[in-house]
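Fold and contact review
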Amino acid sequence: MPKVKRSRKPPPDGWELIEPTLDELDQKMREELYDYCIKEGYADKNLIAKWKKQGYENLCCLRCIQTRDTNFGTNCICRVPKSKLEVGRIIECTHCGCRGCSG
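Rules used in this analysis
Residues numbered from 1 in each chain as written. Predicted model: local features only at pLDDT ≥ 70, side-chain atom pairs only at ≥ 80, totals over all residues. Heavy atoms only, no water. Helix = DSSP H or I, 4+ residues; strand = E, 2+ residues; numbered from the N terminus. Rg over C-alpha atoms; globule rule 2.2 N^0.38 Å. Buried < 20%, exposed > 50% of the residue type's maximum accessible area, 1.4 Å probe, protein only. Contact = heavy atoms within 4.5 Å. Phe/Tyr/Trp six-rings, centres within 6.5 Å; stacked < 30°, edge-to-face > 60°. Lys NZ or Arg CZ within 6 Å of the ring centre and 35° of its normal. Domains from an automatic or database assignment. Buried area = accessible area lost by both parts, 1.4 Å probe. Salt bridge = Lys/Arg side-chain N within 4 Å of Asp/Glu carboxyl O. Core = buried A, V, L, I, M, F, W, Y, C linked by side-chain atoms within 4.5 Å.

A count of helical and extended segments in the chain gives 2 helices and 0 strands. At 20 Å, the chain has a C-alpha radius of gyration far larger than the 13 Å of a compact globule built from 103 residues. Once the C-alpha set of the chain is aligned to its principal axes, its extents read approximately 65 × 35 × 20 Å. A total of 103 residues make up the chain; the buried ones form 15% of that total. Nonlocal contacts in the chain, meaning residues at least 24 apart in sequence, comprise 17% of its contacts between residues at least 6 apart.

Following this line, the structure appears as structure tokens:
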């Protein structure tokens, strides 16, 4: 995750003493928030794991990459890059309504 943007002013005296503690607390809060969201069902752990892989950064749902759910054993139409589709063709996923998550 990116660090929080700080102002252009130099930090006050003593900042170097508390900065590691603040960074540690920030990391712990993020982990706890992540765990809470997974536990309560607000986030999908497997989808988040896919987002970390190259080419899947904008993946809308896991069902769109499962080949068993399609007629021809391929990915969903929303995974086809827009540059490879006909000009002016509007696509929409039948599973989740995505209009193109491949980029």
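And the narrative resumes.
Turning our attention to the packing of aromatic side chains. The final tally for this structure, using the stated rule, is 1 aromatic pair. Over the ring of tyrosine 56 we find lysine 50; its NZ or CZ atom is 5.0 Å from the centre of that ring.

With that settled, the discussion passes to the domain arrangement of the chain. Under the domain assignment used here, the chain contains domain 1 (16-51) and domain 2 (57-102). Of note, the centres of domain 1 and domain 2, computed from C-alpha atoms alone, are 30 Å apart. Of the roughly 440 Å² buried where domain 1 meets domain 2, counting both sides, 70% is carbon and sulfur surface. In terms of surface lost to domain 2, no three residues of domain 1 exceed Leu47, Lys50 and Trp51, which account for 87% of the buried area on that side. Across the contact surface, domain 1 and domain 2 share 0 salt bridges.

To continue, consider the nonpolar core. Grouped together as the largest cluster of nonpolar side chains are 10 residues: Leu47, Leu59, Cys61, Cys64, Ile65, Cys76, Cys78, Cys93, Cys98 and Cys101. If sequence neighbours within four positions are ignored, cysteine 93 has contacts with Cys64, Cys76, Cys78 and Cys98.

A separate point is the environment of arginine 63. Here arginine 63 lies in the segment after α2 (45-51). Here arginine 63 falls in the partly exposed class, since its relative accessible area comes to 42%. Separated by 10 residues in the primary sequence, arginine 63 and lysine 53 have C-alpha atoms spaced 16 Å apart. Those residues within four positions of arginine 63 in sequence are excluded, and the remaining contacts are Asp69 and His95.

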